[in-house]
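As a plain string of letters, each chain reads:
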Amino acid sequence: MPKETDEIPLAHGLKLIPGVKVKIAEPLARYTSMKIGGPADYFIEVETDEGLSCVLPLLHRYGTAVSLLGNGSNALISDRGVRGAVIHLVGEFRKVEWREEGETVCVRVGAAYAVTQLVRAAARKGYGGLEFAEGIPGTAGGALVMNAGAYGSEFEKVVDQVVGLTREGKTIHFNRPELTFTYRGSNLPAGTVVTRVCLRLRKEEATRVSSKVSELVAKRKSSQPSGYPNSGSMFRNPAGDFAGRLIEAAGLKGKRIGQSQISARHANFIVNLGGAKAEDVRRLMELARAEVKEQFGIELVPEVRLLGEWSAS
Ligand SMILES: Cc1cc2nc3c(=O)[nH]c(=O)nc-3n(C[C@H](O)[C@H](O)[C@H](O)COP(=O)(O)OP(=O)(O)OC[C@H]3O[C@@H](n4cnc5c(N)ncnc54)[C@H](O)[C@@H]3O)c2cc1C
């Protein structure tokens with residue numbers, strides 16, 4: 001919780017900024033796909049670029065820690081919540097513009113735009129290249145930061161430019177040659193808030209793009225757990241292997257701690273059976289890492305981002 005003395009001037013200052021909504025001690029579970037997470041000291045919904053360029057310097061001046069939350073589909077938020085400010089982009093950041101340039105298409109998408117909505121709009125228009133992202137329940141900003149990928153492709157392959165703001169509120173542009181990506185990561189300077197992502201797609205037959213999307217929907221449905229809240233893959237796949245295969249081979253498929261469970265369908269997923277605690281999920285992750293290390297000598301690396309205040313383990 002923010003201290004009484006700090007809270008009043010900072011919260012007051014934030015509330016005076018047009019296009020900004022501030023909630024104090026806002027529980028975050030509802031903003032994540034896992035439906036887990038304690039409160040943010042300040043949960044700040046920002047609708048406009050102008051608003052964001054005022055919010056960031058103000059938080060910087062107060063020395064307030066800043067975390068970004070997109071759709072929370074790759075985030076495990078601690079039960080104790082997140083100290084400082086959690087920024088959630090809405091409004092103007094949910095817009096997209098399409099511009100055809102010869103045989104290609106430049107898509108300028110706001111960081112808060114839903115990836116699945118973007119994939120489907122591209123398919124309807126006959127723009128190819130993004131089909132792999134069907135079923136990734138994140139935002140364009142989260143997908144860029146995570147270099148989200150599936151079925152042999154990833155965001156890296158379609159990104160042309162990224163626009164963001166620094167921690168101090170200054171606008172920055174990154175052109176493709178300045179960007180490097182890793183497996184589920186990007187090299188953006190720490191503290192960058194992504195506001196827009198420019199993607200380069202190609203013009204194709206709309207029916208071909210749509211049928212590729214439908215094929216991947218079916219593939220996803222047949223392999224991933226549905227029905228219980230989750231965060232997708234908990235661990236990255238180690239080179240030449242699959243985290244799910246290793247966790248299953250370690251005998252942990254279906255293993256439960258509290259209300260969290262290693263999915264009986266796909267062992268790289270942890271599902272919330274209802275009212276699971278973040279601490280239980282973290283303990284399951286630690287168990288999976290320890291068993292896979294002991295039995296196969298392989299170090300699993302988490303894909304899911306742990307946000308907030310955690311007890312030392
Ligand atoms: C059912 C399911 C299936 C999934 N399948 C896949 C898959 O096939 N492939 C895959 O790669 N992922 C998959 N995921 C994981 C997840 O959807 C992706 O990583 C997604 O891109 C995360 O986007 P998000 O908006 O939810 O990000 P969040 O979880 O909100 O955030 C992820 C990280 O990005 C940062 N961030 C978010 N927005 C911004 C911003 N605007 N500026 C700066 N930093 C920001 C956050 O601080 C955090 O560190 C899946 C998840 C689920 C639940």
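Nothing here was measured: the structure is a model prediction, and the numbers come from that model.

Broken down by element type, the protein chain carries 7 helices and 19 strands. Here the C-alpha radius of gyration of the protein chain, 20 Å, is about what a compact globule of 313 residues would show, namely 20 Å. Within the protein chain, the proportion of its 313 residues that are buried is 40%. Put simply, of all contacts in the protein chain between residues at least 6 apart along the chain, 66% involve residues at least 24 apart.

With that settled, the discussion passes to the site of the ligand. Close contacts around the ligand come from 30 residues, with G70, G138, G141, G142 and G232 the closest. Mapped onto the shell around the ligand, the elements with two or more residues apiece are β3 (66-68), α4 (140-146), β9 (149-150) and β15 (193-203). Split by domain, the shell around the ligand shows at least three residues from each of two domains, domain 1 (4-92) and domain 2 (95-223).

Our next topic: unusual backbone geometry. Of note in the backbone geometry, K35 takes a positive phi value of approximately 60 degrees without being a glycine. Topologically, K35 is positioned in the loop between β1 (20-27) and β2 (39-46). Even without glycine at this site, R184 takes up a positive phi of about 60 degrees. For R184, the location among the structural elements is in the loop between β13 (181-182) and β14 (185-186).

A few words now on the environment of G81. Inspection of the secondary structure puts G81 in the loop between β4 (75-77) and β5 (82-89). With sequence-adjacent residues up to four places away left out, G81 is seen in contact with L28, G37, G38, P39, A40, G308 and E309.

What follows deals with the sheet that holds β5. Strand order in this open sheet of 4 strands is β1-β2-β5-β3, and the pairing throughout is mixed. Two strands in the sheet have a free side with no partner beyond their single neighbour: β1 and β3. The average angle at which neighbouring strand axes cross in this sheet is 30 degrees, direction not considered. Where β2 meets β5, 6 bridges bridge the pair, whose relative direction is parallel. Counterpart to F43 in the pairing with β5 is V86.

What follows covers the domain arrangement of the protein chain. A common measure of how large an interface is: the accessible area buried when the components associate. Along its sequence, the protein chain is organised into domain 1 (4-92), domain 2 (95-223) and domain 3 (243-307). Measuring from the centre of the C-alpha atoms in domain 2 to the corresponding centre in domain 3 gives 29 Å.

For helix α2 (residues 49-61), with 13 residues, the first-to-last C-alpha span of 19 Å sits near the 18 Å given by 1.5 Å per residue. Burial in α2 covers these residues: G51, L52, C54, V55, L56 and L59. G63 sits one or two residues past α2 and shows a positive phi near 65 degrees.

Turning our attention to the sheet that holds strand β16 (residues 256-257). Working definition: the strands of a sheet are paired by backbone hydrogen bonds and lie parallel or antiparallel to each other. Ordered by their spatial adjacency, 3 strands build an open sheet running β16-β17-β18, and the pairing between neighbours is antiparallel. Taken across any chain shown, the strands that pair with only one partner, and hence form the sheet edges, are β16 and β18 (270-272). Here β16 runs beside strand β17 (residues 260-262); their pairing, made up of 2 bridges, is antiparallel. Across the sheet, the residue bridging to R256 is Q261, located in β17.

This part takes up the packing of helix α3 (residues 115-125) against helix α5 (residues 206-223). Where α3 meets α5, the closest approach of the two axes is 7 Å, and the angle between their N-to-C directions is 150 degrees. Side by side, α3 and α5 meet where V119, A122, A123, R124 and K125 of the first sit next to A206, V209, S210 and V213 of the second.

Before going further, it helps to spend a moment on the pairing of strand β11 (residues 159-165). With 6 bridges joining them, β11 and β15 adopt antiparallel strand pairing. Pairing of G164 across the sheet is with V194, part of β15. Both β11 and strand β12 (residues 171-175) contribute to a ladder of 5 bridges, which runs antiparallel. When the bridges of β12 are listed, V163 appears paired with H173. Here β11 folds back onto β12 in antiparallel fashion, the turn holding 5 residues, of which G169 has a positive phi close to 95 degrees.

The next point concerns the environment of V82. Residue placement: V82 occurs in strand β5. C-alpha of V82 to C-alpha of F296: the two residues are 214 residues apart in sequence and 35 Å apart in space. If we skip the residues at most four places from it in the chain, V82 touches L28, A40, S67, I77, L307 and G308.

What counts, and at which threshold
Residues numbered from 1 in each chain as written. Predicted model: local features only at pLDDT ≥ 70, side-chain atom pairs only at ≥ 80, totals over all residues. Helix = DSSP H or I, 4+ residues; strand = E, 2+ residues; numbered from the N terminus. Rg over C-alpha atoms; globule rule 2.2 N^0.38 Å. Buried ≥ 20, exposed ≤ 12 C-beta atoms within 10 Å, placed from the backbone. Contact = placed C-beta atoms within 7 Å. Near = placed C-beta within 6 Å. Domains from an automatic or database assignment. Pairing = 2+ DSSP bridges. Axes fitted to C-alpha atoms, helices over the stretch in contact; angles between N-to-C directions. Expected span 1.5 Å × (residues − 1).

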